[in-house]
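# Examining the three-dimensional arrangement
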Amino acid sequence: MNDESWMRLALEAAGTCLEVDEVPVGAVVVINGQLVAQAGNRVRTDCDPTAHAEIIALRAAARQVGNYRLTEATLYVTLEPCAMCAGALVQARIQRLVFGAADPKAGAVVSHFGLCTASVLNHRLLVTGGVLAEACGDLLRDFFRQRRNLTTE
């Protein structure tokens with residue numbers, strides 16, 4: 001499978017968030033061409049501010065491989081990670097990050113900070129952005145548009 005195929009799986013995980021009124025962000029972890037973990041946001045569902053899709057997927061992948069260091073893993077996520085998630089990717093020693101839509105407000109990978117490639121940190125990731133960016137962005141825009149319409153009715 002290629003980056004677009006894996007991102008489609010991340011989009012599927014994001015789609016499940018809509019059923020429980022979570023912000024639709026999905027993530028998958030792939031090691032050696034094999035799906036190791038897949039998750040969607042669960043912040044509201046779990047009453048946990050750290051329950052972003054990336055964090056849940058990293059936790060599941062680490063349990064699956066029996067190591068918190070995921071040095072051969074690629075994480076695919078539909079939205080550019082925030083500072084918390086980018087920091088977790090560095091701590092997990094993820095080899096590569098692939099994201100869909102950029103996040104000009106809170107993205108900490110390319111939009112702000114450059115946390116995944118900062119030379120002052122002990123690990124740097126390979127980063128590819130913009131994979132299926134339009135589909136990833138549309139899912140988020142539609143979700144927030146619908147929420148705004150519900151609050152004005």
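Residues numbered from 1 in each chain as written. Predicted model: local features only at pLDDT ≥ 70, side-chain atom pairs only at ≥ 80, totals over all residues. Heavy atoms only, no water.

A few words now on the overall build of the protein. Scanning the protein from terminus to terminus reveals five helices and five strands. Helices and strands in the protein line up, N terminus first, as α-β-β-α-α-β-α-β-β-α. For the protein, the C-alpha radius of gyration of 15 Å lies close to 15 Å, the compact-globule estimate for 153 residues. Put simply, the protein has 153 residues, and 47% of those count as buried. Restricting the contact set of the protein to residue pairs at least 6 apart, pairs at least 24 apart contribute 57%. Surface exposure of the protein reaches about 8,000 Å², of which carbon and sulfur atoms provide 51%. Taken together, the 14 basic and 16 acidic charged side chains of the protein have centroids lying 6 Å from each other. (Helix = DSSP H or I, 4+ residues; strand = E, 2+ residues; numbered from the N terminus. Rg over C-alpha atoms; globule rule 2.2 N^0.38 Å. Buried < 20%, exposed > 50% of the residue type's maximum accessible area, 1.4 Å probe, protein only. Contact = heavy atoms within 4.5 Å. Areas by Shrake-Rupley, 256 points an atom, 1.4 Å probe, with all protein chains shown as cover. Lys, Arg positive; Asp, Glu negative; His and termini not counted. Charge placed at Lys NZ, Arg CZ, Asp CG, Glu CD.)

On to the pattern of salt bridges. For the structure shown, the criterion picks out six salt bridges. Between R44 and D21 there is a salt bridge; the shortest N-O distance is 3.1 Å. Here the residue R44 occupies a position in helix α2 (residues 43–46), and D21 occupies one in the loop between α1 (3–18) and β1 (26–31), the gap between them amounting to 23 residues. Here D21 falls in the partly exposed class, since its relative accessible area comes to 33%. (Salt bridge = Lys/Arg side-chain N within 4 Å of Asp/Glu carboxyl O.)

A separate point is the packing of aromatic side chains. What describes a pair of aromatic rings is the distance from one ring centre to the other and the angle between the planes of the rings. This model, assessed by the stated rule, comprises two aromatic pairs. With a centroid separation of 5.1 Å and an interplanar angle of 75°, the aromatic rings of F143 and F144 are classed as edge-to-face. (Phe/Tyr/Trp six-rings, centres within 6.5 Å; stacked < 30°, edge-to-face > 60°.)

Our next topic: unusual backbone geometry. The general pattern is negative phi for most residues beyond glycine and trans for most peptide bonds. Positive phi is not limited to glycine here, since D21 has a value of about 60°. With phi around 55°, L132 is a residue other than glycine that occupies positive phi space. Here L132 is to be found in the loop between β5 (126–128) and α5 (133–152).

Take the UniProt feature "active site" (unreviewed entry) in the protein next. Summarizing the sequence annotation, UniProt attributes the feature "active site" (unreviewed entry) to E54 in the numbering used throughout. Tracing the chain through its elements places E54 in helix α3 (residues 53–65). Beyond its immediate sequence surroundings of up to four residues, E54 is in contact with V25, A27, L75, V77, L79, P81 and C85. (UniProt positions renumbered as here; feature names shortened; annotations may be inferred.)

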